[in-house]
Amino acid sequence: MTSTVTESTDPYCLREGESAALLRGHQWRRFVALGDSVVEGLCEPTPGYPDVQWADRIAAELDAARPGLAYLNLGRSGLRAHEVRATQLAPALAFGPDLALVVCGGNDAFRSRYDADSVDAELTAMIVALRGAGADVITVGMFDVSYSPAVPEAVRPGLRERMRRLSAHTARLAERLGTLHVHLTDHPLTADPTLYSSDGRHGSARSDAIATAETLRLLSAHRR
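Predicted model only: the values in this text are computed from it and were never measured.

Attention now goes to the overall build of the chain. Scanning the chain for helices and strands turns up eight helices and five strands. Counting from the amino terminus, the chain carries its helices and strands in the arrangement α-β-α-α-β-α-β-α-α-β-α-β-α. Its C-alpha radius of gyration of 16 Å places the chain within 12% of the 17 Å reference for a compact globule of 224 residues. The buried share of the chain, taken over its 224 residues, is 54%. Long-range contacts, defined as pairs at least 24 residues apart, comprise 80% of the intrachain contacts of the chain with a sequence gap of at least 6.

This brings us to the nonpolar core. Within the largest apolar cluster, 64 residues are counted, with the highest numbers of intra-cluster contacts made by Leu34, Leu62, Leu101 and Leu219. The dominant element in this core, judged by the number of residues it contributes, is helix α8 (residues 205-220), at seven residues. With near-sequence residues (within four places) excluded, leucine 219 lies in contact with Leu23, Trp28, Ile58, Leu62, Leu99, Ile138 and Leu180.

Now for the pairing of strand β1 (residues 30-35). Counting buried residues in β1 gives five out of six residues, a clear majority hidden from the surface. Direction of pairing for β1 relative to strand β2 (residues 70-73): parallel, over a ladder of four bridges. For phenylalanine 31, the partnering residue across the bridge sits in β2 and is tyrosine 71. Pairing between β1 and strand β3 (residues 99-103): five bridges, direction parallel. Bridge pairing links valine 32 to alanine 100 in β3.

Okay, the packing of helix α6 (residues 116-132) against helix α7 (residues 156-177) next. It is the contact of α6 with α7, at a shortest axis distance of 10 Å, that shows an interaxial angle of 35°. Once α6 is placed against α7, the crossing between them reads as right-handed. For the pair α6 and α7, the contacting residues are Ala116, Asp117, Val119, Asp120, Leu123, Thr124, Ile127, Val128 and Arg131 in the first and Arg165, Leu166, His169, Thr170, Leu173, Arg176 and Leu177 in the second. A per-class count over the contact of α6 with α7 returns eight nonpolar, three polar and five charged.

Let us now look at the environment of glycine 75. Relative to the helices and strands, glycine 75 resides in the loop between β2 and α4 (81-95). Taking the C-alpha atoms as reference, glycine 75 lies 27 Å from valine 155; in sequence the two are 80 residues apart. The contacts of glycine 75, once residues within four sequence positions are left out, are Ala33, Gly35, Asp36, Val39, Glu40 and Gln88.

Turning next to the pattern of salt bridges. Side chains that differ in charge, positive against negative, can pair when their charged atoms come close. Per the counting criterion, the structure on display carries 13 salt bridges. Close ionic contact of arginine 217 with glutamate 18 constitutes a salt bridge, the shortest N to O distance being 2.8 Å. With arginine 217 in helix α8 and glutamate 18 in helix α1 (residues 18-23), this residue pair connects regions lying 199 residues apart in the sequence. Taking the shortest distance from any N to any O, the salt bridge between arginine 165 and glutamate 161 comes out at 2.9 Å. Here glutamate 161 and arginine 165 lie together in helix α7, a separation of four residues that amounts to about one turn.

Scoring rules and cut-offs
- Residues numbered from 1 in each chain as written.
- Predicted model: local features only at pLDDT ≥ 70, side-chain atom pairs only at ≥ 80, totals over all residues.
- Heavy atoms only, no water.
- Helix = DSSP H or I, 4+ residues; strand = E, 2+ residues; numbered from the N terminus.
- Rg over C-alpha atoms; globule rule 2.2 N^0.38 Å.
- Buried < 20%, exposed > 50% of the residue type's maximum accessible area, 1.4 Å probe, protein only.
- Contact = heavy atoms within 4.5 Å.
- Core = buried A, V, L, I, M, F, W, Y, C linked by side-chain atoms within 4.5 Å.
- Pairing = 2+ DSSP bridges.
- Axes fitted to C-alpha atoms, helices over the stretch in contact; angles between N-to-C directions.
- Left-handed = near helix turned anticlockwise from the far one by under 90°.
- Nonpolar A, V, L, I, M, F, W, Y, C, P; charged D, E, K, R; others polar.
- Salt bridge = Lys/Arg side-chain N within 4 Å of Asp/Glu carboxyl O.

See the structure below:
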């Protein structure tokens, strides 16, 4: 779907100079991103919005505000939560991060046999390990992709229930484990078709730009 706005006019995106103001004097020097395609960066281009994917843009904005950031993106498309932990947690810890983004569970929730408790256990293991190593951890309740025009009408109710259950469970984990939680599931635009790609599984560049704004505003509140 084509958006009728651009990032510079989008009321939900960063304003000129806002990122620098939000991140001025931030403390983070080593940023690692763990997860699936959301982290790897498979959003669909949208005219008027940058092609820089969400995790990469967080890193770019952190580096612009304080040059010299070390950044490692471990995200890989198609992974379920247990696969993210099995393949990415060890290298993430070896990197020695002081800031980590952890996003997974979406591929689990796309399945009718989604096991929320198992996903919770995998997320908990990663969060606890990263926080134990001294990193601030960002978790996310993603936009509700069941609203994508490319999702068949017949599967929307079930997918919506599972995606919202994943989001609610992740929010509870965030509160219990002390993560920096970006809640996008109930964003005012979550049902807007311009946020979603034509494959029915991923977001658009507009969704990544909005997610970037929400993430940086959250990080700003936790600067030291």
